[in-house]
Amino acid sequence: MTKSTDNSLMALLGKKAGGTDTWTALAAKAPTHEPVEAKSPEKDAKLQQLLQRINSLTAPADPRKTASPTAAPKPATPEQTNTTVAGAVAVAEADPAMTDEFLPIEPPTVRDAGLTDSEVEALLLKFLLARGDLTGREMADQVRMPFVLVDSLLRQLKQDQLLIYRSSAPMNDYVYQLTDLGRERSRRYMEHCTYFGSAPVSLMDYILGITAQSLTKQHPSQEDLSRAFGDILVNQNMLRRLGPAINSGRGLFLYGSAGNGKTTIAERVTRAFGQYIWIPRAIGVDGEIIRLFDPVNHEECPLPQNTGLLDQSRLDRRWVRIRRPTIVVGGELTMDSLEVTLNRSTGISEAPLQLKSNCGTLVIDDFGRQKMSTDQLLNRWIVPLEKRYDYLNLPNGKKIQVPFDQLIVFSTNLEPKQLVDEAFLRRIPYKIEVLNPSEDEFRKLFEMMCPKLGFTYSTGPIDYLINKHYKSVNRPFRACQPRDLLLQVKNFCAYLKQQPELSPEFLDLAVENYFAVM
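Parameters at a glance
- One numbering rule holds for all chains: residues counted from 1, following each sequence as written.
- Given that the model is predicted, a residue must reach a pLDDT of at least 70 before its local features are reported, and side-chain atom pairs must reach 80 or more before they are shown or counted; all residues, however, enter totals for whole chains, interfaces and linings.
- To get the side-chain values, all heavy atoms of the structure are used, and hydrogens and water are removed first.
- In this description a helix means any DSSP run of H or I spanning at least four residues, a strand means any run of E spanning at least two, and both kinds are numbered starting from the N terminus.
- Contacts between residues were defined by any pair of non-hydrogen atoms, one from each residue, lying within 4.5 Å.
- The Shrake-Rupley method, run with a 1.4 Å probe sphere, supplies the accessible areas, and residue values consider only the shown protein chains as cover.
- Pairing between two strands requires that DSSP report at least two bridges joining them.
- Inter-axis angles, ranging from 0 to 180 degrees, are taken between N-to-C directions of lines fitted to C-alpha atoms, where helices are fitted over the stretch in contact.
- For salt bridges, the criterion is a side-chain nitrogen of Lys or Arg within 4 Å of an Asp or Glu carboxyl oxygen.
- Residue exposure (1.4 Å probe, protein chains only): buried if accessible area is under 20% of the type maximum, exposed if over 50%, otherwise partly exposed.
- The length a helix should cover is 1.5 Å for every residue beyond the first.
- Working definition of a nonpolar core: buried Ala, Val, Leu, Ile, Met, Phe, Trp, Tyr and Cys residues. They are joined through side-chain atoms within 4.5 Å.

Caption draft 1: Representation of the overall build of the chain within the structure. Counting secondary structure elements, the chain contains 21 helices and 17 strands. Sequence separation of at least 24 residues holds for 72% of the intrachain contacts in the chain that already meet a minimum separation of 6. For the chain, the computed accessible surface area is about 27300 Å², with 51% contributed by carbon and sulfur atoms.

What follows is the structure in structure tokens.
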């Protein structure tokens, strides 16, 4: 063996010709890269907390608590788990509060979305029939499904001669058009139901989502209530009584004289809970579509788009992020509003009010003045208030069990015992009277409202108002009166084309108009 061959062999073994170990020499050298900054204990704790939240999101749910006897949740697949982790990290960067509750993750397959190919096919064909020529990505955006799933389904529909390629489109896409056979099938789908919006979420997934965001998991503190009622005047005694009632997540009565802010208090109760929740745009049950997202009662709050991580979060677009709902109904409430209603001309069902208000607050304002009797309403809800679930009848005759997870607030000017019997009062454990404001609180209300309505606050005119029009005639204070009287003065000043001004003459005129028949 030659000397050069020996040297080559020694080089392969990591030896130099002089006998020095090459790897030892390399290990002895100082690193040339920048030293990695050690993580602080605070960063490690935050990372550990985030990982625990992600694990809670990806853990299989207990079917005994959230599932019906005929359905059970599937364990998360490795692909779903990885997607959940990516989505949770992305949302945590943009909005850390979101990882506390629930995160809908894009389904990897149509089956994992709780749908069949036929259900998605019906939505696509009906959309094409209504709009004409469309690209695959436009149809995927319409049904809120991943393009990769819609694209494979569209190719299959082309093979079945229901679609044709009209032309090519950017990003490996095509413009599709219905064939005569496709138009005929689309019309048959339209006869059953004209809906071609977002693909529905299964009832099982909806139950799991509501359970994860349940009000029973929210425990507002004194700081939360102070923040929620920070823009109105509420005394500490009222907050102490409201705190336990809100924490219970059950029903409560707010009663007292008209104009003392019962509705205002009820509307702000929701602010004490988490700010946002996720709900499906529509729910699918055995081919029936129940529209849940209601722009009239729900305020959509999309995630911010100022970070690239959100583009990789792969959230399920069939769900919509909304502000935690507060739905207020008054004398217009009927029994039909509490049941699934079917529009027979379109074949689309609308969710009842209690389903739309899940994870939020449902305020029954002016309780006792509805078209139906109080007994009818209370008998309808006596079991849901106790068990926290409700049964709904679908148009096809099927009965389903759904969560009844909202804070029910009954606001009334009458005594609760005059409206309902003892059995129902037991199921509404909190009865809170909203009292008239004291004189100091009445003055404070004027002080708060004057800047909002363009007045300069002055104690002189307010002293004149209280002494002449309240104390001398023994008129009780009401929380709404400072705002109402100031509005009267403001409108009169606008009529005179002058700046709003507090004066005894203007206040006399406001009192004369406001209390004419009171």
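Caption draft 2: Up close: the sheet that holds strand 3 (residues 173-178). What the three strands build is an open sheet, ordered 1-3-2; its pairing is antiparallel. Each end of this open sheet is capped by a strand with a single partner; those strands are strand 1 (134-135) and strand 2 (163-169). Sheet topology places strand 2 next to strand 3; six bridges connect them, and they run antiparallel. Opposite S168, over in strand 3, you have Y174 as the bridge partner. Contacts from helix 8 (residues 147-159) reach strand 2 and strand 3 within the one sheet, and its direction differs from that of strand 2 by about 130°.

Caption draft 3: Seen up close, the pattern of salt bridges. The full count for this structure, using the stated rule, is 24 salt bridges. Residues D231 and R271 are paired through a salt bridge, measuring 3.5 Å at the closest nitrogen-oxygen approach. With D231 in the loop between helix 11 (222-228) and helix 12 (236-248) and R271 in the loop between helix 13 (262-268) and strand 6 (276-280), the pair connects residues that are 40 residues apart, well separated along the chain. R271 gets classed as partly exposed once you look at its relative accessible area, which sits at 43%. For D316, the salt bridge goes to R318, with nearest N and O atoms at 2.8 Å. One salt-bridge network, in which partners are shared between bridges, spans R291, D294, E350 and K356.

Caption draft 4: Structural context of the side chain of T374. Within the secondary structure layout, T374 lies in helix 15 (residues 374-387). Classification of T374 by relative accessible area gives buried; the value is 16%. Residue contacts for T374: discarding those within four places in its chain leaves F367, G368 and L419.

Caption draft 5: Region of interest: helix 15. An ideal rise of 1.5 Å per residue puts 20 Å on 14 residues; helix 15 measures up with 20 Å between its terminal C-alpha atoms. Along helix 15, the residues that are buried comprise T374, L377, L378, R380, W381, P384 and L385. Next to the buried residues of helix 15 lie helix 14 (353-356), strand 13 (361-364), strand 14 (389-393), strand 16 (407-412), helix 16 (416-419) and helix 17 (422-427). After helix 15 finishes, the residue R388 shows a positive phi value of roughly 65°.

Caption draft 6: How the structure looks around the nonpolar core. If you look at the biggest cluster of nonpolar residues, it comprises 30 residues, and the most contacted ones within it are L124, M139, M145, L154 and L163. Going through the elements one at a time, helix 6 (117-131), helix 7 (136-143), helix 8 and strand 3 are the ones with two or more residues in this core. Those residues within four positions of M139 in sequence are excluded, and the remaining contacts are L124, F127, L128, L134, L154 and Y176.

Caption draft 7: Quick look at the pairing of strand 13. The side-chain alternation of strand 13 yields two buried faces, one formed by T361 and V363 and the other by L362 and I364. Where strand 10 (residues 326-329) and strand 13 come together, four bridges link them in parallel fashion. Looking at strand 13, one finds that T326 is bridged to T361. When strand 13 meets strand 16, the two strands line up parallel, connected through four bridges. Each bridged residue has a counterpart across the sheet, and for I364 the counterpart in strand 16 is F410.

Caption draft 8: Quick look at the environment of R323. Looking at where R323 falls in the secondary structure, it is placed in strand 9 (residues 319-323). Sequence separation between R323 and G274 is 49 residues, and the spatial gap between their C-alpha atoms is 8.9 Å. Ignoring any residue separated from it by four or fewer positions in sequence, one finds R323 in contact with Q275, Y276, E299 and C301.

Caption draft 9: Expanded view of the sheet that holds strand 8 (residues 288-291). Here five strands make up an open sheet; going across it, the order is 4-7-8-12-11 and the pairing mixed. Looking along the sheet, the strands with just one partner apiece sit at the ends: strand 4 (201-202) and strand 11 (341-343). Across three bridges, the pairing between strand 11 and strand 12 (residues 348-350) is antiparallel. Pairing of T341 across the sheet is with E350, part of strand 12.

Caption draft 10: Just helix 18 (residues 439-452), in detail. In this model helix 18 runs 21 Å from its N-terminal to its C-terminal C-alpha over 14 residues, within 8% of the 20 Å that 1.5 Å per residue would give. Looking at the packing, one finds that the buried side of helix 18 touches helix 19 (459-471) and helix 20 (481-495). Where helix 18 terminates, the next one or two residues include G454, which has phi positive at roughly 90°.

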